[in-house]
Amino acid sequence: MSQTLTRDDLLTRFDVRTTLRQVDLPPDTGMSAGHVFIRLLTGAGADAFGHASLKTPELARATLFAACVCDGAGTPLFTIKDAPRIAELPNRVLSPVVDAIIDHNHLREEAANAAVPTSASGQPSCSGSALPAISDAPLAS
């Protein structure tokens, strides 16, 4: 039987900093390879990503990167305001991190479809607010 969670349970039990994943980056000219950590996407990060996907699709991947890249303790390295600068990173650096974020957060289309119940017509049977924050726009080249 499941337990009814309280306000405090919800605010303290689910910490995005507890499930970090290391992502290896390719070496740069004359430099050794490195790595970054990514954390789970927060509600605010998902909203920012959804907004960027619709309003500024050229910044969607950079927004996702800014929302999830963190240090080894789970503290974000960037803010959403850094998205235009992040978007200037080479795609060979941006893509593996964004792909890892998508996988880490189960944002692939198959996972989103499995998570959203559909009616007999094939339409989502819940309000739009319960839908995962994904875009039809490709995230990685």
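Heads up: these notes are all about the structure in this document. (Residues numbered from 1 in each chain as written. Predicted model: local features only at pLDDT ≥ 70, side-chain atom pairs only at ≥ 80, totals over all residues. Heavy atoms only, no water.)

Grouped together as the largest cluster of nonpolar side chains are 25 residues, with contacts concentrated most on I38, L41, L64 and V97. Counting only elements with at least two residues in this core, the list comes to β1 (21-25), β2 (34-38), α2 (43-55), α3 (60-68), α4 (83-86) and α5 (91-104). Once residues within four sequence positions are removed from consideration, I38 is found in contact with T19, L20, R21, V23, C68, V69, C70, V97, A100, I101 and H104. (Core = buried A, V, L, I, M, F, W, Y, C linked by side-chain atoms within 4.5 Å. Buried < 20%, exposed > 50% of the residue type's maximum accessible area, 1.4 Å probe, protein only. Helix = DSSP H or I, 4+ residues; strand = E, 2+ residues; numbered from the N terminus. Contact = heavy atoms within 4.5 Å.)

At a closest axis distance of 10 Å, the pairing of α3 and α5 adopts a crossing angle of 65°. Classified by the angle between their axes, α3 and α5 sit roughly perpendicular to one another. The handedness of the crossing between α3 and α5 comes out as left-handed. Two secondary-structure elements touch here, α3 through R61, L64, F65 and C68 and α5 through N91, L94, S95, V97, V98, I101 and I102. Residues that form the contact of α3 with α5 fall into these classes: eight nonpolar, two polar and one charged. (Axes fitted to C-alpha atoms, helices over the stretch in contact; angles between N-to-C directions. Parallel < 35°, antiparallel > 145°, perpendicular 65-115°, else oblique. Left-handed = near helix turned anticlockwise from the far one by under 90°. Nonpolar A, V, L, I, M, F, W, Y, C, P; charged D, E, K, R; others polar.)

Among the nine residues in α3, nine count as buried, and that is most of the element. Along α3, the residues that are buried comprise A60, R61, A62, T63, L64, F65, A66, A67 and C68. Structurally, α3 contributes buried residues whose contacts are with β2, α2, β3 (69-70), α4 and α5.

For the rest of this paragraph, the subject is the sheet that holds β2. Here we have three strands laid out as an open sheet, ordered β1-β2-β3, and antiparallel in their pairing. Looking at the sheet topology across the chains shown, the edges are occupied by β1 and β3. Bridge count for β1 against β2 is five bridges, and the pairing is antiparallel. Within β2, the residue paired with D24 across the bridge is H35. Sheet contacts for α5: β1, β2 and β3; angle to β1, the most-contacted strand, approximately 160°. (Pairing = 2+ DSSP bridges.)

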